[in-house]
Amino acid sequence: MARAINDRLALDLLLERGPLTAPQLRALTGLSRPTVSDLIERLTDSGLIEVTGESGAERRGPNARLYGLVAGRAHVAGVDLRRSAVHVTVADLAGRPVGAASRAVAGELTGLVAGVVEEAAAGRALDMVVIGAPGLVDPGTGELVSANEVPGWRPGLISALGQRLGAQVLLENEVNLAAVAELRTGAAQGSEDFVLLWLGDATGAAVVLGGRVRRGASGGAGEIGFLDMGGIDFCHLVSADAAQGLDRAELAVRIARGAFACVTLLDPGLIVLGGELGQDGGDALAEQVAEHLRAMSPAPTEVRATTVEGDAVLHGAVLTALDHARDNVFSGVRPER
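Residues numbered from 1 in each chain as written. Predicted model: local features only at pLDDT ≥ 70, side-chain atom pairs only at ≥ 80, totals over all residues. Heavy atoms only, no water.

Put simply, the rule reads: UniProt positions are given in the numbering used here, feature names are shortened, and annotations may be inferred rather than shown by experiment.
Per an unreviewed UniProt entry, the protein chain goes by the name ROK family transcriptional regulator and belongs to Nonomuraea mesophila. Its UniProt record gives the protein chain a comment under Sequence similarities (unreviewed entry), which states: "Belongs to the ROK (NagC/XylR) family."

### Topic: the pairing of strand E8 (residues 194-198)
The line we're drawing: Relative accessibility under 20% of the residue-type maximum defines a buried residue, over 50% an exposed one, and the middle range a partly exposed one, all with a 1.4 Å probe and only protein chains included. Secondary structure elements follow DSSP: runs of H or I no shorter than four residues count as helices, runs of E no shorter than two count as strands, and numbering proceeds from the N terminus. Two strands are counted as paired when DSSP detects at least two bridges linking them.
Along E8, 5 of the 5 residues are buried, which leaves the element largely enclosed by surrounding structure. Every second residue of E8 is oriented toward a common face, with Phe 194, Leu 196 and Trp 198 on one face and Val 195 and Leu 197 on the other, all of them buried. Pairing of E8 with strand E9 (residues 204-209) involves 5 bridges; the strand directions are antiparallel. Its bridge partner lying in E9, Val 195 is registered against Val 207.

### A closer look at the domain arrangement of the protein chain
Quick note on the threshold: Residue ranges for the domains originate in an automatic or database domain assignment. Note on terms: buried area is the combined drop in 1.4 Å-probe accessible area of two parts once they are placed together, counting the loss on both. Salt bridges are identified by distance alone: a Lys or Arg side-chain nitrogen within 4 Å of an Asp or Glu carboxyl oxygen. In the analysis that follows, any N or O atom pair within 3.5 Å is treated as a polar contact, provided that within protein one partner can donate a hydrogen and the other can accept it, and provided that, for residues neighboring in sequence, both atoms belong to side chains. Put simply, Ala, Val, Leu, Ile, Met, Phe, Trp, Tyr, Cys and Pro go in the nonpolar bin, Asp, Glu, Lys and Arg in the charged bin, and everything else, Gly too, in the polar bin.
Along its sequence, the protein chain is organised into domain 1 (1-70), domain 2 (76-174 + 313-331) and domain 3 (187-305). Here the C-alpha centre of domain 3 lies 26 Å away from the C-alpha centre of domain 2. Of the roughly 750 Å² buried between domain 2 and domain 3, counting both surfaces, carbon and sulfur atoms make up 47%. Glu 172 serves as the salt-bridge partner of Arg 215, at 2.6 Å between the closest nitrogen and oxygen. Here domain 2 and domain 3 share 2 residue pairs in polar contact (both at pLDDT 80 or more) between them. Grouping the constituent residues of the side of domain 2 that touches domain 3 by class yields 4 nonpolar, 2 polar and 5 charged.

Listed below in structure tokens is the structure:
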């Protein structure tokens with residue numbers, strides 16, 4: 001167990017900081033010279049790390065060798081499956097994108113999604129695939145409960161994809177994945193408690209408490225679109241179509257009413273505005289929503305616009321896939337020779 005802990009510590013440091021020398025690993029881990037020497041040999045034999053160069057003025061000797069992660073040891077795919085299109089990014093174990101593909105949703109869905117993933121992978125074997133889709137995902141079965149959210153969805157689609165791709169496939173609600181991206185690389189960095197309000201082509205929320213996405217007993221946590229606002233569902237008040245006919249001030253009022261419901265129940269301290277409306281509105285819209293919230297609730301709540309660049313769902317899917325793949329690879333390594 002001690003060896004496994006030390007190995008994972010060293011691997012996480014190499015992921016975070018890039019190639020390191022043995023003296024640097026000793027300094028960062030606090031481990032002894034023999035222990036670091038043993039783990040370097042063990043991880044090299046396992047095919048997880050390799051010498052990538054040398055460091056230092058003299059650039060010679062064992063202490064000058066730079067050890068880096070073998071990023072090609074495993075590959076993952078993140079999938080953003082929407083009603084109209086599917087987008088895929090493939091990344092290596094270090095998180096570097098190595099392939100991407102997109103296609104409109106049409107025809108039989110299993111073959112479509114598998115084909116786009118295979119196109120992005122370009123012949124690379126995949127260790128983990130994470131799919132983000134709209135709707136409730138049952139935490140027990142991992143299946144989509146509200147299948148009408150995605151045209152062509154059918155029971156057993158996830159297992160069928162796994163068999164065709166030869167990889168583990170995990171399904172997650174798309175807003176929950178966007179929240180992972182916000183937590184790790186976006187507006188919620190450093191905040192263990194927050195709610196992501198997803199506003200645009202769909203309306204929803206993701207609840208993060210204690211640094212973990214909370215899905216609820218049936219996967220329905222955060223389905224704020226169903227919230228009744230005086231006889232009109234919240235999703236209809238802040239949809240992309242509705243927003244086109246509103247000035248920013250009125251849109252901010254409507255968003256604040258939904259955010260207020262989250263604040264009164266959860267007191268998260270932070271609301272992140274995501275989706276197309278959150279991105280387009282930026283800091284100006286976030287400040288207006290915060291102003292209304294201050295007038296409505298005694299609980300102090302900061303409001304920030306998303307800072308995740310590009311497709312937050314896809315980014316969160318890749319990050320989640322990497323977490324699973326790294327756990328599998330780093331904990332189950334065996335020497336290759």
